[in-house]
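# Geometric and topological summary
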There are 2 protein chains.
Amino acid sequence: MRVSRYFLPILKETPREAEIVSHRLMLRSGMIRQQGAGSFSWLPLGKRVLDKVCQIVREEQDRAGAQEILMPTIQSADLWIESGRYNDYGKEMLRIRDRQDRAMLYGPTNEEMVTDIFRAYVKSYKDLPLNLYHIQWKFRDEVRPRFGVMRSREFLMKDAYSFDLDYEGAKAAYNRMFVAYLRTFARMGLKAIPMRADTGPIGGDLSHEFIILASTGESEVFCNKDFLDLPVPPADVDFTNDAEIGGVVSEWTTPYAATDEMHDEAAWAEVPAEKQLAARGIEVGHIFHFGTKYSKPMNAKVTGPDGQEHFVSMGSYGIGPTRLTAAIIEASHDDGGIIWPESVAPFDVALINMKVGDAECDRVCEELYAGMTAAGREVLYDDTDQRAGAKFATADLIGLPWQVIVGPRGIAAGEVEVKNRATGERENLPISAVPGRFGARR
Amino acid sequence: MRVSRYFLPILKETPREAEIVSHRLMLRSGMIRQQGAGSFSWLPLGKRVLDKVCQIVREEQDRAGAQEILMPTIQSADLWIESGRYNDYGKEMLRIRDRQDRAMLYGPTNEEMVTDIFRAYVKSYKDLPLNLYHIQWKFRDEVRPRFGVMRSREFLMKDAYSFDLDYEGAKAAYNRMFVAYLRTFARMGLKAIPMRADTGPIGGDLSHEFIILASTGESEVFCNKDFLDLPVPPADVDFTNDAEIGGVVSEWTTPYAATDEMHDEAAWAEVPAEKQLAARGIEVGHIFHFGTKYSKPMNAKVTGPDGQEHFVSMGSYGIGPTRLTAAIIEASHDDGGIIWPESVAPFDVALINMKVGDAECDRVCEELYAGMTAAGREVLYDDTDQRAGAKFATADLIGLPWQVIVGPRGIAAGEVEVKNRATGERENLPISAVPGRFGARR
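Here the structure is a predicted model, which is why all the values come from computation and not from measurement. (Residues numbered from 1 in each chain as written. Chains lettered and ligands numbered in written order. Predicted model: local features only at pLDDT ≥ 70, side-chain atom pairs only at ≥ 80, totals over all residues. Heavy atoms only, no water.)

Let's shift gears to the confidence of the model for chain A. Put simply, chain A has an average pLDDT of 95, and 99% of its residues get 70 or more. As scored by the predictor, the complex reaches a pTM of 0.97 and an ipTM of 0.96. (pLDDT = per-residue confidence, 0-100.)

Attention shifts here to empty space enclosed by the protein. What the rule picks out here adds up to 2 cavities of 30 Å³ or more. Volume-wise, the largest cavity comes out at about 60 Å³. Forming the boundary of the largest cavity are V3, L8, A350, I352, L380, D382, K391, T394, A395 and I398 of chain A. The greatest single-element share of the lining of the largest cavity, amounting to 4 residues, is contributed by helix 10 (residues 388-398) of chain A. By volume, the second largest cavity amounts to about 50 Å³. For the second largest cavity, the full set of lining residues is S39, F40, W42, W137, V149, S152, E154 and T322 of chain A together with P72 of chain B. Per-class residue counts for the lining of the second largest cavity are 5 nonpolar, 3 polar and 1 charged. (1 Å grid on protein atoms, 1.4 Å probe; cavity = no way out; pocket = protein on both sides within 12 Å on 5 of 7 lines; lining within 4 Å. Points joined across faces, edges and corners; volume = space filled by probe spheres on them. Helix = DSSP H or I, 4+ residues; strand = E, 2+ residues; numbered from the N terminus. Nonpolar A, V, L, I, M, F, W, Y, C, P; charged D, E, K, R; others polar.)

Now for helix 9 (residues 359-374) of chain A. Residue and element names in this part refer to chain A. When the terminal C-alpha atoms of helix 9 are compared, their 22 Å separation across 16 residues agrees well with the 22 Å that a helix rising 1.5 Å per residue should span. Within the span of helix 9, buried status applies to C361, V364, C365, L368, Y369 and M372. End-on, the buried residues of helix 9 take up no more than an arc of 140°, which puts them together on one face. Helix 9 presents A359 and A374 as exposed residues on the side facing more than 90 degrees away from its buried surface. Taken together, the buried residues of helix 9 touch strand 19 (349-353), strand 20 (379-382), strand 21 (402-406), helix 11 (408-412) and strand 22 (415-420). If you check the start of helix 9, you find a side-chain oxygen 3.1 Å away from the backbone N of E360, and it comes from D358. (Expected span 1.5 Å × (residues − 1). Buried < 20%, exposed > 50% of the residue type's maximum accessible area, 1.4 Å probe, protein only. Arc of directions from axis to C-beta. Contact = heavy atoms within 4.5 Å. Polar contact = N/O pair within 3.5 Å; in protein donor to acceptor, adjacent residues only side chain to side chain.)

A word on the pattern of salt bridges. Using the criterion set out here, one finds 73 salt bridges over all chains in the structure. With a closest N to O distance of 3.1 Å, R33 of chain B and D116 of chain A form a salt bridge. Separated into two different chains, R33 of chain B in strand 1 (residues 32-36) and D116 of chain A in helix 4 (residues 111-121) make up a pair that spans both. For D116 of chain A, a relative accessible area of 9% translates into the label buried. The residue E366 of chain B makes a salt bridge to R2 of chain B at a minimum N-O spacing of 2.8 Å. (Salt bridge = Lys/Arg side-chain N within 4 Å of Asp/Glu carboxyl O.)

With that settled, consider a negative patch on the surface. Residues and elements named next belong to chain A. Taken together, D198, E220, D260 and E261 make up a surface patch of like negative charges. By the element assignment, E261 lies in the loop between strand 12 (257-259) and helix 7 (265-269). Taking the relative accessible area as the measure of exposure, E261 reaches 61% and is therefore exposed. (Patch = residues over 30% accessible without salt bridge, like charges linked within 9 Å, V, L, I, M, F, W, Y side chains within 5 Å. Areas by Shrake-Rupley, 256 points an atom, 1.4 Å probe, with all protein chains shown as cover. Lys, Arg positive; Asp, Glu negative; His and termini not counted. Charge placed at Lys NZ, Arg CZ, Asp CG, Glu CD.)

Of the two same-sequence chains, chain B is brought onto chain A (RMSD 0.0 Å, axial shift 0.0 Å) by a rotation of 180°. When the rotation and shift are considered jointly, the pair of chain copies conforms to a two-fold rotation axis. Considering only C-alpha atoms, the residue of chain B closest to the rotation axis is I96 of chain B, which sits at 3.0 Å. (Least-squares fit on C-alpha atoms with pLDDT ≥ 70 in both.)

Contact with chain B, which involves 55 residues of that partner, is made by 53 residues of chain A. At the boundary of chain B with chain A, total buried surface from both sides reaches about 4600 Å², with 57% on carbon and sulfur atoms. Here E68 of chain B and K47 of chain A are joined by a salt bridge, their closest N and O atoms 3.0 Å apart. Seen at the junction of chain B and chain A, the total is 26 residue pairs in polar contact (both at pLDDT 80 or more). Those elements that provide at least two residues to the side of chain B that touches chain A are strand 1, strand 2 (39-42), helix 2 (44-63), strand 3 (67-68), strand 5 (94-97), strand 6 (103-106), helix 4 (111-121) and strand 7 (130-139) of chain B. Classifying every residue of the side of chain B that touches chain A gives 30 nonpolar, 7 polar and 18 charged. (Buried area = accessible area lost by both parts, 1.4 Å probe.)

The strands making up a sheet associate through hydrogen bonds between their backbones, and the pairing can be parallel or antiparallel. All names here are of chain B. If you walk across this open sheet you meet the 5 strands as 20-19-21-22-23, and the pairing is mixed. Of all strands in the sheet, those bounded by a partner on one side alone are strand 20 (379-382) and strand 23 (426-430). Neighbour to neighbour, the strand axes of the sheet diverge by 25° on average, direction disregarded. The sheet contact formed by strand 21 (residues 402-406) and strand 22 (residues 415-420) spans 4 bridges and is antiparallel. Bridging across to strand 22, W402 finds its partner in N420. Most of the contacts of helix 9 (residues 359-374) go to strand 19 (residues 349-353), to which it runs at about 165°, and overall it touches strand 19, strand 20, strand 21 and strand 22. The strands that helix 10 (residues 388-398) touches are strand 19, strand 20, strand 21 and strand 22; relative to strand 19, the one it contacts most, it runs at about 175°. (Pairing = 2+ DSSP bridges. Axes fitted to C-alpha atoms, helices over the stretch in contact; angles between N-to-C directions.)

The following block contains the structure:
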């Protein structure tokens, strides 16, 4: 893509309303535009990142055996009356009346609807385990939306819902999602730590928040430093092997980790002082076993091997891709701007022409643009007539992993400069070596 | 994907509420589930088709120079008050009050919001032409939603919006979308005919509906048979060449074509009788130039080369991927079920094991499943213990382009049977030849 044709509205001023760094950087880099209270448009640069985040989420859900569906945003109130939540859910639920005066709502979550889908079709334990997920817009009418897409009213969510015959099956399903989440966040360059979360009236210990450490995080967290070295399972981890998956979960739930809310001073005191890590964190995912909370009131049953009917045991598993995009920035930026991990970068390479109009600079840039594109890299070619300093600032701000800088002096030596955005390292490379420099895409 | 693990709820009964064939087949094949009046969930098989439809739309929008953004579903009423449409828009608009009693609405269309985005950033003709599109859920509160996803209340729409300095620029932008639409529908196996549509108070001739011919179509259309042989531009058509693109549009707007609404008996009489084609059609896209209708009230101006400010000249370009999915079925089915064009088929191949449990059948199927997958084909492997007849019926119903049928008798001869779903042609192939049989994916 050529910057001269790209809708990339870079803001020079730091927007006053933005309280946290990800919000500032997303506005400044032209990723998003605020449309109203807690409501944002995703502009081309932001949309590319969001798509990549969603794609990683999707691949890891699929790998773990979940199946993608797509439920509507607007729901009838009927199912919520059936589950008993219609009156309990607070003002965060956006309630709507249609032209026939039917009670509807903009889905803040989808347990009811997915349970309705399940009970309509699935009657036997032979069709289990089943895990259905979707990536869809949700709306929660927060009193005070803030922090940009980190806490907006309309936001994108991946919700997965698992259905199993019994607790043992549900626990295995929970563990698969646990491991899928480890892989999902690791692929985005995040160090996410699973922390036990409140299970409320459900009880048990099958509820975890995945927290990334970031100095700008919203809450205080406590964990054992051992987490930082724990290995994340590889892509060929066997999701059909309950023991193997359970082993990973066990490994990742043994060291101490807790949010402020669940913090246990006595257990914390037992962590060796040099292993204690108290930091700030951002929640990027939440997985939760809730058993028969919805299957009972909504009568979602299957026949078991015993010939009896059983209410299915369920769990839900959420990741917010819009929020996650901001969280990645919170975890990966510097004074110059965003530092995208390669896996979610909107483009791989910023190709910077320092002297547009110079025949040699233009020629080399066109060659490199074509060559890197042919090599499978996504290139954003700054072919505008801005001065070089502004181009460097923009490239740092939007945070593509690599910058390829083409100027007359380098060309005279047959070279261009390659800068690594994350480390700041620069190297001079022969022009012909550039297209092969960055390896194959992921 | 193995059918034994796939959420594919095939219905044996024909649902009574479904009036048209696409609705019946989408329900029967487990593509969708109705959630309420004019509201549908997309189940795994349907979601795969919808994704492929969206991807083709996206690729052709990008090729024509449009840029993808994503605007929220919920809009503030303010912009609509500014454009003057808030009170004019009828009861189809879903009006909402949030917890602060602010007037909001579920976007039935996005001219106002995209104009607001434009005016916030673009100030000079040098940043034109610009075409921004998004693929997002919309809601129109139809009195009587019907025909499944063909006329639902919540539906997915690709809307593109073009911004140009003047009419000439806007016309070139219009022509690019015209050609992009020709390519989009052709890639989905559809013969879409552009028909002049009413321009209302805007006037001029820059409004076309794209209509596919289908005996179950909702409206009567009239066209010259010459359309059926007109060539669709190839992928390397030069969208930067206004003359070339204009030439294609000219070619595709010269023969007579009109919907019932715009039908001109006098012009029709001049079409030679043997060229007259009166048929039924389904609208699958609509492109529309509306000049300064929104830029004037919303004050969206750019400075021109003359140093003066000009209200930008705009157009909008819609395709409904959810509706389009149904339209493809209307155009391509038989008594047995759906016949998917390869480009949008949920899988390429139905691999049918006629005798699950037979060691040789199982072994050959596993080999072929792995082999075809490795060759880049998407395979749905029916490994269930249903009888062969039911498997054949399901394969015909869900309409994958190819069926590979593995039975003991064929294996004894070293062969399997390959059936072409569209033509019904069958051939026996040596087992080893199967993975290479279907060529490279698209």
